[in-house]
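Structural features, examined
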Amino acid sequence: MKTKIIVVLFMHLGLATAAYGQGIVQITFDGPPAQPPGSDYIVTSYYESGMLFTATNPASHNNQFSRSGGGIPYFPDDGTAYLQRGPSTLMFSFTNDSVFDLLSVDLAEWSTDYSNEPVTVSFIGYEQGGSTVTNVFTTDGIIDGTGPLADFQTFYFTNFTDLARVEIPGPTVPPNPFLSWSLDNLVVSVPEPTGGVLLVIGGLMLGAWNLRKRWRQ
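The present account deals with the structure reproduced in this document. (Residues numbered from 1 in each chain as written. Predicted model: local features only at pLDDT ≥ 70, side-chain atom pairs only at ≥ 80, totals over all residues. Heavy atoms only, no water.)

1. Looking at the overall build of the chain
For clarity, the threshold we go by: Helix and strand assignments follow DSSP, with helices taken as H or I runs no shorter than four residues and strands as E runs no shorter than two, numbered in order from the N terminus. A 1.4 Å probe rolled over the protein chains alone gives each residue an accessible area, and that area as a share of the maximum for its type sets the label: buried under 20%, exposed over 50%, partly exposed in between. Here, two residues are considered to be in contact whenever any of their heavy atoms come within 4.5 Å of each other. Using the Shrake-Rupley algorithm and a 1.4 Å probe, accessible areas are obtained, with residue cover drawn only from the displayed protein chains.
If you tally the helices and strands in the chain, you get two helices and 13 strands. Residues classed as buried in the chain amount to 41% of the 217 residues present. Looking at the chain alone, contacts between residues at least 24 apart form 73% of all its contacts between residues at least 6 apart. With an accessible surface of roughly 11300 Å², the chain has 59% of that area assigned to carbon and sulfur atoms.

2. Comments concerning the side chain of Asp 184
Just so we agree on the cut-off: A positive count includes Lys and Arg, and a negative count includes Asp and Glu. His and the chain ends are not counted in either. Salt bridges are defined by distance alone: a side-chain nitrogen of Lys or Arg within 4 Å of a carboxyl oxygen of Asp or Glu. In protein, a polar contact requires one atom able to donate a hydrogen and another able to accept it; more generally it is a pair of N or O atoms within 3.5 Å, and residues adjacent in sequence count only if both atoms are side-chain atoms.
Along the chain, Asp 184 turns up in strand E13 (residues 181-190). One buried charged residue, Asp 184, forms no salt bridge at all, with the nearest opposite charge on Arg 67 at 8.9 Å. One polar contact links Asp 184 to Thr 80, side chain to side chain, over a distance of 3.0 Å. With near-sequence residues (within four places) excluded, Asp 184 lies in contact with Thr 28, Phe 29, Asp 78, Thr 80, Ala 81, Tyr 82, Val 105, Asp 106 and Phe 152.

3. Some remarks on unusual backbone geometry
The omega angle of the peptide bond from Gly 31 to Pro 32 is 10 degrees, so this bond is cis rather than trans. Mapped onto the fold, Pro 32 is located in the loop between strand E1 (23-27) and strand E2 (40-43). Pro 32 connects to Pro 33 through a cis peptide bond whose omega is -5 degrees. With respect to the helices and strands, the residue Pro 33 is situated in the loop between E1 and E2. Although it is not a glycine, Ser 49 adopts a positive phi angle of roughly 55 degrees. Mapped onto the elements of the fold, Ser 49 is located in the loop between strand E3 (45-48) and strand E4 (51-56). Look at Ser 49 and you get partly exposed, because its relative accessible area is 39%. In the Ramachandran plot, Asp 162 falls in the positive-phi region, its phi being about 55 degrees despite a non-glycine side chain. Among the structural elements, Asp 162 can be located in the loop between strand E11 (153-156) and strand E12 (163-168).

These values are about where atoms sit, not about what they do.
In C-alpha cells form, the structure reads like this:
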C-alpha cells in the first residue's frame, strides 16, 4: 500500500512536468505515417507531437486537405513532407487542451500553375480567455517546384500567445477557390510552468519525500 501511494504521487508529478515543460515543438508533417516522396494524399486529419490538425467546410461537407511528400514537379519542394490546403478551413490545437504560442511557419504557393500569384494566408488564434488575434502573411509568388529556388519562406508570428486553437480560413480568392497555400515546419511554444504550477509540483515532491521519510522511520 505504501509503495502504491508513492508511485501515484510520482505519476502525478510526472504528468504535471510533462504537461507544462514541453518548451519548443516543431511540427514537421513528416509523419507517422510517413509520406513518401512523389506522393500526395487527401486526408481528413493529421496528428503530430500532441497536436491535431482537422478541416471543416460546413457549406459542402468537404472536410479535407492534402499531405505532400515533396519531389513532385508542379508542387513546391523543400525536401520533406508538408501540408496543402483544400477547400476547407484548417484547424489545429493540442489534444490535451494545452495552451500554446505560435512562433513561426514556412509557407509556399500551391503549385507552379499559379507561380505568378502571391498567396495571402490568414491565421486566426483563439485565446484561452475567448479573444482572437490575427496574423496575415503574403508569399512572394516565386515557385519552381523541384527546381533550384527556395519555394518556402519563413514567417514569424506577432502576439500569438496563450492560444487554445488556431484556424486558417478556407480560400476565398476569386475566381479560383483552390488558389491556396502549402505549409511546413510550424514552430510552437508551450509555456513554461507558472508560479501556481510550480507550487503544485513542489508540493507533490515534498509530500512524497515526507511520506518516504516517515515510513522509513
